[in-house]
Amino acid sequence: MLHSNMAKKKIKIGLVDADLLCNGTRHPNLALLKIAGYFRDNGYVRGFTDDACCYELITNESNFDELKKYDYFYVSCVFTFTLDCPPLVLTTLLSDKKLSKRVRMGGTGTYANKSVEEGFAEMREEDMLRLEKDSFLNSLKNRFGSYGIDMQSQMPDYHLYDDFVGVMENVKKSEKYYKDYKEYSIGFLTRGCFRRCPFCVNKLERRVLPYSKLRDFLDNEIDEKTGKLKRPYIYLWDDNFMASPDFNIILDELIATGKPFQFRQGLDMRLMTHEKAEKLANVKYYGDYIFAFDHIEDKELISKKLKIWREHTHKSTKLYVLTGYDSQDERDIENRKKI
């Protein structure tokens, strides 16, 4: 357990997954998992208690009196549509003067649809550094012994959503719906992209850079009942892994774990080579290989690269096709039907 600069008062932390409270999501919020891990490492107890500093995920539409018991709220919002119709908890927190002072809010959902003219660059930079500059988080120590959270290296608390999932699994009929919450180690091994697509949060980035080390988020907890790994799979949120100069090194590290893995963002088929295809086709991949097909003008290049891929594997392969962005109507979809 890391040293913690705890005051005599038992600090209570409320963690809010805004997207979860707005019609739900099939993915845990990685930022909240890491914040929770930081509090856990500093001796905070998961779940509300009066006897110790604690943190918990707020999963219901708590009323004003219930919200008053928390000293700080960390709110994360990934999707912009969540703020079009914000959940009651968030509305309450932001509208009350006393509570709003306790709120730390961020995430791509708070700025992703902003244009450059509207200050996108400034908002993104502020959001990416928000937690490292947070005054309260800077009163606690990270695993390196310095003050403040290090989001790149912070190990997530993968149990943050346990109570929520335990309740909701009795509601949802599909056993697979909450698989992402229970069976995966989650992280970014690289961040950034050079494509600068106008619809992407990376629209001002110019390259792909290393981010977390695999060991920083790889969970090897054993289930005491079965003797097996609780999280036997890995999934990765890398923006454009195919463009990473460390492509081979990273794949070798993933292979060495012995765990099946998957990239969730859509791999860049335009960067496919015979060398990359051979390497990627022979790993322990989980589920479908998913590639991005964002621009209709890339049709010929995509077709050429897909042939290279098919020379090395016939495993299940899918391509994301972006529609409704350029024209925002049915004509955009019709154009893609001609592929």
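Residues numbered from 1 in each chain as written. Predicted model: local features only at pLDDT ≥ 70, side-chain atom pairs only at ≥ 80, totals over all residues. Heavy atoms only, no water.

J.: Help me understand the overall build of the chain, please; the structure alone is not making it clear to me.
T.: Within the chain, the secondary structure is distributed over 11 helices and 13 strands. The C-alpha radius of gyration computed for the chain amounts to 21 Å, which stays within 12% of the reference 20 Å derived for 339 residues, consistent with globular compactness. Counting over 339 residues, the chain shows a buried share of 47%. Of all intrachain contacts in the chain linking residues separated by at least 6 positions in sequence, the fraction that spans at least 24 positions is 72%. Put simply, the chain shows about 17,900 Å² of open surface, and 50% of that area lies on carbon and sulfur atoms. The average position of the 55 basic charges and that of the 53 acidic charges among the side chains of the chain differ by 1 Å. (Helix = DSSP H or I, 4+ residues; strand = E, 2+ residues; numbered from the N terminus. Rg over C-alpha atoms; globule rule 2.2 N^0.38 Å. Buried < 20%, exposed > 50% of the residue type's maximum accessible area, 1.4 Å probe, protein only. Contact = heavy atoms within 4.5 Å. Areas by Shrake-Rupley, 256 points an atom, 1.4 Å probe, with all protein chains shown as cover. Lys, Arg positive; Asp, Glu negative; His and termini not counted. Charge placed at Lys NZ, Arg CZ, Asp CG, Glu CD.)

J.: What should I look at first to understand the sheet that holds strand S6 (residues 184-187) in this one?
T.: Strand pairing within a sheet occurs via backbone hydrogen bonds; the two strands may be parallel or antiparallel. A sheet is described by the order of its strands in space; here 3 strands give the open sequence S6-S9-S10, paired in parallel fashion. With one partner strand each, in any of the chains shown, S6 and strand S10 (261-263) form the two edges of the open sheet. Sheet twist, expressed as the mean angle between neighbouring strand axes with direction ignored, is 20°. Here S6 pairs with strand S9 (residues 233-236) via 4 bridges, running parallel. Bridged to Tyr184 within S9 is Tyr233. (Pairing = 2+ DSSP bridges. Axes fitted to C-alpha atoms, helices over the stretch in contact; angles between N-to-C directions.)

J.: Would you explain the pattern of salt bridges in this entry?
T.: Once the charged atoms of two side chains with opposite charge are near each other, the side chains can pair. In total, this model carries 22 salt bridges according to the counting rule given. Measuring nitrogen to oxygen at the nearest pair gives 2.8 Å for the salt bridge that ties Asp216 to Arg143. One end of the pair, Asp216, is in the loop between strand S8 (209-210) and S9; the other, Arg143, is in the loop between helix H5 (120-129) and helix H6 (162-168), and 73 residues separate them in sequence. Residue classification places Arg143 among the partly exposed residues on the basis of a relative accessible area of 45%. Residue Asp268 is joined to Arg270 by a salt bridge in which the shortest nitrogen-to-oxygen separation is 3.0 Å. The exposure class of Asp268 is buried, given its relative accessible area of 4%. (Salt bridge = Lys/Arg side-chain N within 4 Å of Asp/Glu carboxyl O.)

J.: I would appreciate a short explanation of the environment of Leu306 in the present structure.
T.: Note that Leu306 resides in helix H10 (residues 299-312). The class for Leu306 is partly exposed, based on a relative accessible area of 26%. A sequence separation of 37 residues divides Leu306 from Met269, and the C-alpha atoms of the two residues are 7.1 Å apart.

J.: I keep staring at the sheet that holds strand S3 (residues 54-57) and nothing clicks. Help me out?
T.: If you walk across this open sheet you meet the 5 strands as S2-S3-S1-S4-S5, and the pairing is parallel. Single-partner strands in this sheet number two, and they are strand S2 (45-46) and strand S5 (103-106). With 5 bridges connecting them, strand S1 (residues 12-17) and strand S4 (residues 72-76) associate as parallel partners. In the strand pairing of S4, Val16 is matched with Val75. Its contacts with the sheet place helix H3 (residues 88-95) against S1, S4 and S5, and it is angled at close to 125° to S5.

J.: In this structure, what is going on with the layout of surface pockets? I would like to understand it.
T.: To find leftover empty space, one rolls a probe the size of a water molecule over the atoms. By volume, the second largest pocket amounts to about 370 Å³. Residue lining of the second largest pocket: 20 residues in total, with Glu56, Leu57, Ile58, Thr59 and Asp163 positioned closest to the centre. Mapped by element, the contributors of at least two residues to the lining of the second largest pocket are S3 and H6. In terms of residues, the lining of the second largest pocket owes the most to one element, H6, which gives 5 residues. (1 Å grid on protein atoms, 1.4 Å probe; cavity = no way out; pocket = protein on both sides within 12 Å on 5 of 7 lines; lining within 4 Å. Points joined across faces, edges and corners; volume = space filled by probe spheres on them.)

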